[in-house]
Amino acid sequence: MRSSLPDFPWDALAPYAEKARSHPDGIIDLSVGTPVDPTPDFIQAALRESSNSPSYPVTAGTPQLREAMRSWAISRLGATGDFDVLPLIGSKELVAWLPTILESTKVLIPEIAYPTYHVGALIAEAESITVSIDAQSWPNADLAWMNSPSNPTGRVHSIEEIESCIQWSRANNAVLISDECYLEFDHTAHATSVMSLTGGDNRNILAVHSLSKRSSMAGYRAAFLIGDSALIAKIRELRKHAGMMVALPVQKAMTVALADDLHVAEQRARYNARRDALIPALQGCGFRIEFSNAGLYIWCTRDEDAWTSVDWLATRGILATPGSFYGEKGKNHIRIAMTVSDTQIADALTRLKV
Ligand SMILES: Cc1ncc(COP(=O)(O)O)c(C=O)c1O
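Below you will find a few notes about this structure. (Residues numbered from 1 in each chain as written. Predicted model: local features only at pLDDT ≥ 70, side-chain atom pairs only at ≥ 80, totals over all residues.)

### Comments concerning the nonpolar core
Looking at soluble globular proteins, one finds that nonpolar side chains tend to be buried together. Ranked by internal contacts, the top residues of the largest apolar core, which has 98 residues, are A144, L176, L225 and I226. No other element matches helix α9 (residues 248–258), which puts five residues into this core. Taken together, domain 1 (2–39 + 263–353) and domain 2 (41–258) each give at least three residues to this core, which thus spans both. In this structure A144 touches L108, W138, C165, W168, A174 and L176, once residues within four positions along its chain are discounted. (Core = buried A, V, L, I, M, F, W, Y, C linked by C-beta atoms within 7 Å. Buried ≥ 20, exposed ≤ 12 C-beta atoms within 10 Å, placed from the backbone. Helix = DSSP H or I, 4+ residues; strand = E, 2+ residues; numbered from the N terminus. Domains from an automatic or database assignment. Contact = placed C-beta atoms within 7 Å.)

### Re the packing of helix α2 (residues 41–49) against α9
The contact between α2 and α9 brings their axes to 8 Å, and the two run at 150 degrees. Compared by their axis directions, α2 and α9 come out roughly antiparallel. As for how α2 packs across α9, the hand of that crossing is right-handed. Counted together, F42, I43, A46 and L47 of α2 and P249, K252, A253, V256 and A257 of α9 form the full contact between these two elements. In terms of residue class, the contact of α2 with α9 is built from eight nonpolar, no polar and one charged. (Axes fitted to C-alpha atoms, helices over the stretch in contact; angles between N-to-C directions. Parallel < 35°, antiparallel > 145°, perpendicular 65-115°, else oblique. Left-handed = near helix turned anticlockwise from the far one by under 90°. Nonpolar A, V, L, I, M, F, W, Y, C, P; charged D, E, K, R; others polar.)

### A word on the pairing of strand β7 (residues 205–210)
Across the six residues of β7, six count as buried, placing the element largely inside the fold. Of the two faces of β7, both are covered, the one formed by I205, A207 and H209 as well as the one formed by L206, V208 and S210. Here four bridges tie strand β6 (residues 175–179) to β7, and the two strands are oriented parallel to one another. Bridging across to β7, L176 finds its partner in I205. When β7 meets strand β8 (residues 223–227), the two strands line up antiparallel, connected through five bridges. (Pairing = 2+ DSSP bridges.)

### Description of the environment of Q136
Tracing the backbone shows Q136 in the loop between β4 (127–131) and β5 (143–147). Linking Q136 and Q167, residues 31 residues apart in sequence, is a C-alpha distance of 8.7 Å.

### A look at helix α11 (residues 306–315)
Where α11 is concerned, the buried positions are A306, S309, V310, L313 and A314. All buried residues of α11 fall inside an arc of 135 degrees around its axis, so they share one side. At its buried positions, α11 is contacted by α1 (14–21), β11 (318–319), β12 (321–322) and β13 (333–337). The first or second residue beyond α11 is G317, which carries a positive phi of 80 degrees. (Arc of directions from axis to C-beta.)

### Some thoughts on the packing of helix α4 (residues 91–101) against helix α5 (residues 116–123)
When two helices pack together, their arrangement is given by the angle between the helix axes and by the axis-to-axis distance. At a closest axis distance of 7 Å, the pairing of α4 and α5 adopts a crossing angle of 35 degrees. In this structure, α4 meets α5 at a crossing whose hand is right-handed. Counting all contacts with α4, which are made through K92, V95, A96, W97, L98, P99 and T100, the residues of α5 involved are T116, Y117, V119, G120, A121 and I123. Here the residues of the contact of α4 with α5 sort into nine nonpolar, three polar and one charged.

### Section: unusual backbone geometry
Of note, the amide linkage connecting S148 to P149 takes the cis form, showing an omega dihedral of -10 degrees. In this structure, P149 sits in the loop between β5 and α6 (159–172). Following N151, the chain continues into P152 via a peptide bond in cis, with omega recorded as 15 degrees. Relative to the helices and strands, P152 is located in the loop between β5 and α6. A positive phi angle, near 55 degrees, is found at E103, a position not held by glycine. Here E103 shows up in the loop between α4 and β3 (106–110). Despite not being glycine, E125 shows a phi value in the positive range, around 55 degrees. Judged by local crowding, E125 falls into the exposed class, with 12 C-beta atoms found within 10 Å.

### Thoughts on the sheet that holds β12
The four strands lie next to each other as β9-β10-β13-β12, forming an open sheet whose pairing is antiparallel. Looking along the sheet, the strands with just one partner apiece sit at the ends: β9 (288–290) and β12. Note that β12 and β13 share two bridges and pair antiparallel. Counterpart to P322 in the pairing with β13 is I334. Strands β9, β10 (297–301) and β13 of the sheet are contacted by helix α10 (residues 262–284), whose axis makes an angle of about 10 degrees with β10. Taken strand by strand, α11 contacts β12 and β13, and its axis lies near 40 degrees from that of β13.

This is how it looks when you write it as structure tokens:
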């Protein structure tokens, strides 16, 4: 299995990072989507106040955290019917391990997607099949990933598209997992959770959420799963045996973060202002914007090889990600992440005008 894992794609970007760094005013790194805006003070305070933590944390989460995740799923996502919740050590670990935990043999993955979906299938030694958005065209499998808003495209699924994914799950008696880690950052299209469209029948349906971007807590490693109670019970049982529990101070920080929407609205406004500034600047340089309605990324193309676009931007000291990192279909696109300070965004605008 390990020998079949792909080379870490970011290594291929190193020469372009070197080129961007040699710009007289330094690099503006719009490649890795790692949040840079500070974790809100009240979340930091909750973590600090919980630093005396001599006992083991519980895999299922504290009663307070469980209640916070449940209430948020109902009030923010519109979850109905019977469902369970489970804290995670960031959502990447779930993406990488879910096919192994569920002993999946055939996994469907969006054709332009976050690369860890494929890695998870490889770790499980499962077959991974890339599919289009349209679930009516999906083959039979035992697990399917959907991701809305999408990394890297910023595309938002319509309600009909999500309903079609649910129908696929029911027709195939297969697990549908919706990666909704950018759901709070919608902009020109409204992002809907799968949990609001099940009509209360959550069998085989899971949604994964993360506080990494929502609350700028990527360094805490804090995410959670919502959905089918029987499936979550099975996943929780394995995680208990495997020591996959979230640190107690992080659980306390998650609890307060989930109870507050104001900091999320502020962060959403920050990303949306950056997007609104960058899009016309990129268009002015000949880039055509596709999707980019939500999330953290702008997906664009000059109808040339992605590496040519990456090189052109690196000459201006700006580092972007080639779309080929996310699948063959992305080979003529680049992904721009809005995860630098407003000052650096302003700087990028100036460089794009030259
Ligand atoms: C689509 C998607 N899912 C999951 C993750 C993992 O996020 P985290 O592990 O920080 O929750 C990322 C991170 O960039 C992502 O883009």
